[in-house]
Amino acid sequence: MAAAPQGDAYVAFKHVQKSYDGVSLVVKDLNLDIAKGEFLTMLGPSGSGKTTCLMMLAGFETATHGEILLDGRNINMVPPHKRGIGMVFQNYALFPHMTVGENLSFPLEVRGMGKDERETRIKRALDMVQMGAFAARRPAQLSGGQQQRIALARALVFDPALVLMDEPLGALDKQLREHMQFEIKHLHESLGITVVYVTHDQGEALTMSDRIAVFNDGRIQQLASPADLYERPENSFVAGFIGENNKLPGTIEELSGDKALVRLATGEVIDATPVNIREKGQQTLVSIRPERVEFKPGMMPEGAHTLDAEVIEVIYMGDILRAVLRVAGSDGFVMKMRNTLGQTRLSAGDRIKVGWHPQDARALDVI
Amino acid sequence: MTDATAPLTTTDGRPLKAALAAAGARARRRALFLVLPLLIFVMITFVIPIGQMLHQSFYNPYFSRNAPNVAAWFAGNPVGTEPDEAAYAALAEDFRAMQAAKTAGEAATRVNYTLPETRSLITKTARNAGDLAPPYKEAFLAIDKKWADPAVWQAMRSSSTAYTSDFYLIAADFERAADGTVQKVPDKQRIYVKLFIKTFILSALITVICLLLAFPIAHLLATLPMAKANLLMILVLLPFWTSLLVRTTSWIVLLQQKGVVNETFVALGLVGDGNRLNLIYNQTGTIIVMTHILLPFMVLPLYSVMRVIPPSYARAARSLGATSWTTFRRIYLPQTLPGIGAGALLVFILAVGYYITPALVGGADGQLISNLIDFHMDKSNWSLAAALSALLLVGVLLLYWLYDRLVGIDKLKLG
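Keep in mind it's a predicted model, so treat the numbers as computed, not measured.

### Concerning the sheet that holds strand E17 (residues 330–338) of chain A
Residue and element names in this part refer to chain A. Reading across from one edge, E17-E16-E15-E18 is the order of the four strands in this open sheet, with antiparallel pairing throughout. Looking at the sheet topology across the chains shown, the edges are occupied by E17 and strand E18 (351–354). Neighbour-to-neighbour, the strand axes of the sheet open up by a mean angle of 45 degrees, direction not taken into account. In terms of strand pairing, strand E16 (residues 320–327) meets E17 through seven bridges, oriented antiparallel. Note on E17: the bridge partner recorded for Arg 322 is Lys 336.

Here it is, written out as structure tokens:
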């Protein structure tokens, strides 16, 4: 799902702006279409405007300009309780004075649902998150992961078509977080709901999403599938924010179609794929993923340009080996090697040559 | 590895359990040492005086110790026995002793508490004790005909023991009839129970008004940014830092007939010049001023509870489909209950025992039970004052117990 279909967007932001103080914009001209059944993640550093967007969609903030459409209907003036959107909060926000069952019953009661139907739905929702035996407990008696499940069940119990999640796994430890990521993903798939998910954890975004909108400075920097985002970042912010990256500054020496030669500040020439480059002589930042850097000549394409490198240190990380190299006058160049049986063991002080496939080196704009 | 069933020992071979207990006891001793000064202070200034107060409420020896002979006669003859010559003789002997020791006054005062207007009878007779000669009954009646009244003898009988429930009977509007049975005092003389009820009702009213006024302000304080909240908090606490007399005086300036409030109302045409509101020196004055003084005690517990309720609860409720009213009623309000409970309990207990404000601005109908306690202390009727205080204490403890049963004292949050 690379690009959202324009016609049947379930949620649409149209030229949405938001300012709290009337001086600076937190969200600048946001345009975003989310398809029905999609899992869309808003990813970005804190203060990038992603949570504000979610709050505008939930109805807790009003857009200063622009339109928000839900299923083709303008919801700018619809109060939150009439939007019918499920929401999972960062700190779960389970009502502490109610039992788990009462928490789940609350959205059904305010909808005037009868007792029998309420009980059926509560049971179904609790079973869905494997918490069927906990209806009589208080939230304080549950662990963080269990509370998270209950919060999820509560947001789903009234069958909303759209569920918003505001960093729901932020408070869990790593192992539980990864486990919950898969559970949420499975629920999304089996229920066919639309999910808008906010996080600052890029790993989480990559694992779970159909599409990811990378936010920075109030704008969407790139909206793409996880693979595109990781492998084909469109600007240096996205390249730097998603995953680890080596950055080599230089100028465009030659530009022909989808190939470019870049002369680094230290004089060497490397191959790269131009991304947002318009002309020869332009300043650029070449970005290469550490796992795409090669040092065995056999692994590099024929005629590839190589750079001299000196191994500064090798860190043993279990599944991979991580080598920090001095390349083109800079000490921070990273290369990752799979820890296989036949892997060449480098050690500090070794002199090697590094190279890569031209499509893995992306010449981006300079920030 | 030690055997699982063998008792664990420390590395130097002592049993682990004993070593742990010794260490714990040492820590407890040190902790006790730290609280000892306060403990002694509380004992001297609080526990002992209250104990003495409670003791005085049923202990008054001033007649019994000065009239041992007639006390012995009362002990030997059951209630309702017509006083015979022996009784009069014993009394005459006691009066002679009182006259010599100049203690007739205190003895008379004690009897007077039980039966008003007997003081002068006793002091007059004691003054003439030297002239008393057998037959004593006639001699007594010659001094005053009232000595034939069985009520007088009954009053002396109930005063003739040091320990008595008389003062509790009086405090609950009961009296002893001439035949010794307990009965209610005539309607017109019942003041204490009515005043107790009025005190409790007024305190409840003040508590409710405080709650209604404090709730929005506490919520505002809890949601404002810290800097603004602190400023507002200073305004709330200002009454705490002002002398009670200054505050009360300013209320007098504001509320009197020609005061600021009335003048403003008249100028605005809300009330006519002829029928200005009576806002002070009556019950209204007591309510207004006590509400003002006790308001911070409601605001602070509420604020401390509201401050820690995250706004995400309200948001969650709204996103789940609740209107703002439902959100308030079912999500916010229940979570503020510990604060409401603490504030209400605090304000109510303070109001029930409040003395200075009703005394200054209460006028005739704005007086509370503490003002009456003060009145009796002024008149040196310590035992009655103590009995009234004890009843008040019991009432408050009862409410405290009720609160514990209904809400749970562990849920109380004072700040």
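Now that the structure is up, let's keep going.
### Section: the domain arrangement of chain A
Residues and elements named next belong to chain A. Split by domain assignment, chain A resolves into domain 1 (9–236) and domain 2 (244–295 + 303–364). Using C-alpha coordinates to define each centre, domain 1 is positioned 38 Å away from domain 2. Contacts between the two partners involve eight residues from domain 1 and, on the opposite side, eight residues from domain 2. Interface area lost by domain 1 to domain 2 is led by Tyr 230, Pro 233 and Ser 236, which between them contribute 61%. For the pair domain 1 and domain 2, the number of links is zero salt bridges.

### Some remarks on the interface of chain A and chain B
The interface of chain A with chain B comprises 23 residues on the first partner and 17 residues on the second. Summing both sides of the interface, chain A and chain B together bury roughly 1,800 Å²; the carbon and sulfur share of this comes to 65%. Considering only the side of chain A, the residues that lose the most area to chain B are His 81, His 97 and Phe 106 of chain A, jointly responsible for 30% of the buried surface there. A salt bridge links Glu 61 of chain A to Arg 315 of chain B, with the nearest nitrogen and oxygen atoms 3.8 Å apart. Between the two partners, chain A and chain B, sit five residue pairs in polar contact (both at pLDDT 80 or more). When residues of the side of chain A that touches chain B are assigned to their parent elements, the largest contribution, three residues, is made by helix H2 (residues 100–109) of chain A.

### A closer look at the sheet that holds strand E19 (residues 362–364) of chain A
All names here are of chain A. Pairing in this closed barrel of five strands is mixed, and the strands run E11-E12-E13-E19-E14 around the ring. With strand direction ignored, the average angle separating the axes of adjacent strands in the sheet is 55 degrees. Both strand E14 (residues 283–288) and E19 contribute to a ladder of three bridges, which runs antiparallel. Bridged to Leu 285 within E19 is Leu 364.

What counts, and where the lines are drawn
- Residues numbered from 1 in each chain as written.
- Chains lettered and ligands numbered in written order.
- Predicted model: local features only at pLDDT ≥ 70, side-chain atom pairs only at ≥ 80, totals over all residues.
- Heavy atoms only, no water.
- Pairing = 2+ DSSP bridges.
- Helix = DSSP H or I, 4+ residues; strand = E, 2+ residues; numbered from the N terminus.
- Axes fitted to C-alpha atoms, helices over the stretch in contact; angles between N-to-C directions.
- Domains from an automatic or database assignment.
- Contact = heavy atoms within 4.5 Å.
- Buried area = accessible area lost by both parts, 1.4 Å probe.
- Salt bridge = Lys/Arg side-chain N within 4 Å of Asp/Glu carboxyl O.
- Polar contact = N/O pair within 3.5 Å; in protein donor to acceptor, adjacent residues only side chain to side chain.

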